[in-house]
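Chain by chain, the residues:
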Amino acid sequence: MIDLITAAAEPLVDAFRRPITYLRVSVTDRCNLRCVYCMPEAGLPWIPKPDVLTFEEITSIVRAAASIGVRSIRLTGGEPLIRRDLDHLVAMIAAVPGIDDIALSTNGLLLEQQAPALAAAGLRRVNVSLDTLHEDRFTAIARRPGLHRVLAGIDAAIAHGLGPVKINCVVMRGANDDELESFARMTRERAVHIRFIEVMPVHDNVEMQKDAWVSSDEVLTRLGALGELHAVPNPHGNGPARTFAYDGAPGTVGVISPLAHDYCETCNRVRLSADGRLKLCLFGDNMIDLRTPLRTGGGEEAIVDILRASMHVKPERHHLDLGQTASMMRAFSEIGG
Ligand code: SAM
Ligand code: SF4
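If you're wondering where the values come from, they're calculated on a predicted model, not measured in any experiment.

Caption draft 1: Focus on the overall build of the chain. Regarding its fold elements, the chain presents twelve helices and twelve strands. Across the 337 residues that make up the chain, the buried fraction comes to 56%. Sequence separation of at least 24 residues holds for 74% of the intrachain contacts in the chain that already meet a minimum separation of 6. Total accessible area computed for the chain in this model is approximately 13,500 Å², and 54% of it derives from carbon and sulfur atoms.

In structure tokens, the structure reads:
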């Protein structure tokens, strides 16, 4: 086990002087939905179960990362709530010295049942994906039904103190872009924080993405027509969103433009795939294997060394442009941060 105090003297900083304090952990690549912008209808060539990191292995990597300055963990997927006993992992991570924030990105289908145990285990907050408020559209976009379960999950998250609850909405022209105003009005009634995400090209969605893409600038113009928007800090810490509120509203609206480079400038994160590969940029091929060193007895010291070395290859920015495919995302685990 690592001496936290000694190792913490030199926190993780990349070659562009960005402190790395945030680790996103994909706990599974599988999902109980098939959102049109994210996964093919038939699913993906899933990671074989023996290759998926155990809770103990994930916790070892978290402990190593925490010893050199990582403070926030986000559990994601695939859909993280389909991983059995996820609350056990939350409790294990919550016990790691130095970790002061554990968050979850979920599609919300299983959140109502699991919110009490997750909150009791130490989960602090959730982001829930929700692209539409209409059941038929939900079924078309997610290729599975379940809108009422997601809404119940959001209510349960708020009831169990898993806030500020952020709602991630991927905007697609012709599919849900006529609902921007309905989502925005919710923030005037409830303490929910809606973030409109520009759709990105992944897997086989490239043609769809080109036609469906709506710029964050267009979204903001339309939101501004509903009432004056004031720039406000992100609810809970830094993130990639530009955030605004209407006068007197308990909630906020925000936009996330993953294709814009302002997303990169404040990048403080690295990602861990479900099979233990460290991913240094959302849009990049550079993946570093952490599972093999862990499984061959390297221990947490070896993980610290690899994390430090990886800082030399973390890119300054991504090189992805609209309509260009990303040759990535076997274990796509992102945005929504
Ligand atoms: N299953 C969980 C969920 O849906 O929140 C966590 C994983 S999901 C990959 C994380 C986030 O990525 C979600 O907010 C989802 O909407 C977003 N996302 C997935 N594919 C995307 C794409 N092509 N463009 C923009 N956002 C995308
Ligand atoms: Fe599953 Fe989330 Fe991807 Fe939708 S966005 S298919 S819920 S992983």
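Caption draft 2: How the structure looks around the side chain of Thr252. On the secondary structure map, Thr252 appears in strand 9 (residues 252-256). Note on Thr252: relative accessible area 9%, which makes it buried. A polar atom in the side chain of Thr252 sits 2.7 Å from the side chain of His193. What Thr252 contacts, discounting residues up to four positions off in sequence, is Thr187, Val192, His193, Ile194, Val232, Pro235, Thr243, Phe244 and Ala245.

Caption draft 3: The arrangement of the packing of helix 2 (residues 55-67) against helix 12 (residues 299-310) in detail. The N-to-C vectors of helix 2 and helix 12 enclose an angle of 55°; their axes lie 9 Å apart at closest approach. Put simply, helix 2 runs oblique to helix 12. Relative to helix 12, helix 2 is oriented so that their crossing is right-handed. Counted together, Ser60, Ile61, Arg63, Ala64, Ala65 and Ser67 of helix 2 and Glu300, Ile303, Val304 and Leu307 of helix 12 form the full contact between these two elements.

Caption draft 4: Fine view of the site of ligand 2. Surveying the vicinity of ligand 2 reveals the residues Cys31, Leu33, Cys35, Tyr37, Cys38, Gly78 and Asn107. Counted by class, the shell around ligand 2 contains five nonpolar, two polar and no charged residues.

Caption draft 5: Broad picture of unusual backbone geometry. The residue after Gly77, namely Gly78, is reached through a cis peptide bond having omega 15°. Mapped onto the fold, Gly78 is located in the loop between strand 2 (72-76) and helix 3 (86-94). Here Gly163 and Pro164 are connected by a cis peptide whose omega angle stands at 0°. Relative to the assigned elements, Pro164 resides in the loop between helix 6 (147-159) and strand 5 (165-171). Positioned with a positive phi, Arg17 is a non-glycine residue whose angle comes to about 65°. Residue Arg17 is classed as exposed on the basis of its relative accessible area, which comes to 74%. The backbone of Asp85 sits at a positive phi, close to 55°, despite the residue not being glycine. Relative to the assigned elements, Asp85 resides in the loop between strand 2 and helix 3. For Asp85, a relative accessible area of 38% translates into the label partly exposed.

What counts and what doesn't
Residues numbered from 1 in each chain as written. Chains lettered and ligands numbered in written order. Predicted model: local features only at pLDDT ≥ 70, side-chain atom pairs only at ≥ 80, totals over all residues. Heavy atoms only, no water. Helix = DSSP H or I, 4+ residues; strand = E, 2+ residues; numbered from the N terminus. Buried < 20%, exposed > 50% of the residue type's maximum accessible area, 1.4 Å probe, protein only. Contact = heavy atoms within 4.5 Å. Areas by Shrake-Rupley, 256 points an atom, 1.4 Å probe, with all protein chains shown as cover. Polar contact = N/O pair within 3.5 Å; in protein donor to acceptor, adjacent residues only side chain to side chain. Axes fitted to C-alpha atoms, helices over the stretch in contact; angles between N-to-C directions. Parallel < 35°, antiparallel > 145°, perpendicular 65-115°, else oblique. Left-handed = near helix turned anticlockwise from the far one by under 90°. Near = heavy atom within 4 Å. Nonpolar A, V, L, I, M, F, W, Y, C, P; charged D, E, K, R; others polar.

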